Amino acid sequence: MLNPRKLTALLSLIIAATLSGCSGGNGDMNHMHAESNISMEPIKVELSWSPQQVAAGQKVVFEALVTQNGQPVDDAKEVLFEIVSNNNTESKLEFTGESAGNGIYKAEGTMEAEGEFTVTSHVTARTQHSMPSKKLVVQP
């Protein structure tokens, strides 16, 4: 069994080794950030759909153009189009966007009911999240 002095010395060495291991990785951290090429510039999302004039029962293609530093973002982790009725917030549609290349993500859906809706694109890319919204009016 170790006496108290030897035990204290041993614990001090373990703590010192642990602390030096935690603070000595500064060079590795810079290398990791350079390798992953993560920009602090925010992602930009332009939300649109076609046709622009939508009638009830019509198919609509929702589109999100995702860029960062003016360059297309083709590695988004999630693109979701959420459509909520302005008259009934309980009524909600969700469509998952698929990459069409060049930073464009698309989803197709049918707007069954007429009225005013808020379309929000939820985009998660490069450790960031963006949720632009636009009003959609569906004609009878």
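Residues numbered from 1 in each chain as written. Predicted model: local features only at pLDDT ≥ 70, side-chain atom pairs only at ≥ 80, totals over all residues. Heavy atoms only, no water.

**Student:** Any chance you could explain the confidence of the model for the protein chain here in plain terms?
**Tutor:** As a general rule, the predicted coordinates of low-pLDDT regions are not to be interpreted in detail. With 74% of its residues at a pLDDT of at least 70, the protein chain reaches an overall mean of 85. Looking over the protein chain, one finds the lowest element-wise mean pLDDT in helix α2 (residues 26-36), namely 46, and the highest in strand β1 (residues 44-50), namely 98. Confidence drops under a pLDDT of 50 for residues 27-35, and excluding neighbours within four residues, the segment shows one contact in the predicted structure. (pLDDT = per-residue confidence, 0-100. Helix = DSSP H or I, 4+ residues; strand = E, 2+ residues; numbered from the N terminus. Contact = heavy atoms within 4.5 Å.)

**Student:** What am I meant to see in the pattern of salt bridges here?
**Tutor:** For side chains of opposite charge, pairing can occur when their charged atoms come near one another. Considering all chains together, one arrives at seven salt bridges under this definition. The partner of Lys-44 in a salt bridge is Glu-46, with the nearest N and O atoms 3.9 Å apart. The class of Glu-46 is partly exposed, set by a relative accessible area of 41%. A salt bridge links Asp-75 to Arg-126; the nearest nitrogen and oxygen atoms lie 3.1 Å apart. Here the residue Asp-75 occupies a position in the loop between β4 (71-72) and β5 (78-85), and Arg-126 occupies one in the loop between β9 (115-125) and β10 (128-130), the gap between them amounting to 51 residues. (Salt bridge = Lys/Arg side-chain N within 4 Å of Asp/Glu carboxyl O. Buried < 20%, exposed > 50% of the residue type's maximum accessible area, 1.4 Å probe, protein only.)

**Student:** I'm lost on the packing of aromatic side chains in this one. Help?
**Tutor:** Centre-to-centre distance and the angle between the planes together describe a pair of aromatic rings. If you walk through the whole model with that rule in mind, you get three aromatic pairs. Counting every residue linked through ring pairs, the aromatic cluster contains Trp-49, Phe-62, Phe-81 and Phe-95. (Phe/Tyr/Trp six-rings, centres within 6.5 Å; stacked < 30°, edge-to-face > 60°.)

**Student:** Help me out: how do you make sense of the layout of surface pockets in this one?
**Tutor:** The rolling of a water-molecule-sized probe over the atoms marks out the regions of remaining empty space. By volume, the largest pocket is sized at about 150 Å³. Considering the residues around the largest pocket, the lining is formed by 14 residues, among which Ser-91, Leu-93, Met-111, Ala-113 and Phe-117 are closest to the centre. Counting only elements with at least two residues in the lining of the largest pocket, the list comes to β5, β6 (92-96), β8 (104-111) and β9. In terms of residues, the lining of the largest pocket owes the most to one element, β9, which gives three residues. When grouped by side-chain class, the residues that make up the lining of the largest pocket number five nonpolar, five polar and four charged. (1 Å grid on protein atoms, 1.4 Å probe; cavity = no way out; pocket = protein on both sides within 12 Å on 5 of 7 lines; lining within 4 Å. Points joined across faces, edges and corners; volume = space filled by probe spheres on them. Nonpolar A, V, L, I, M, F, W, Y, C, P; charged D, E, K, R; others polar.)

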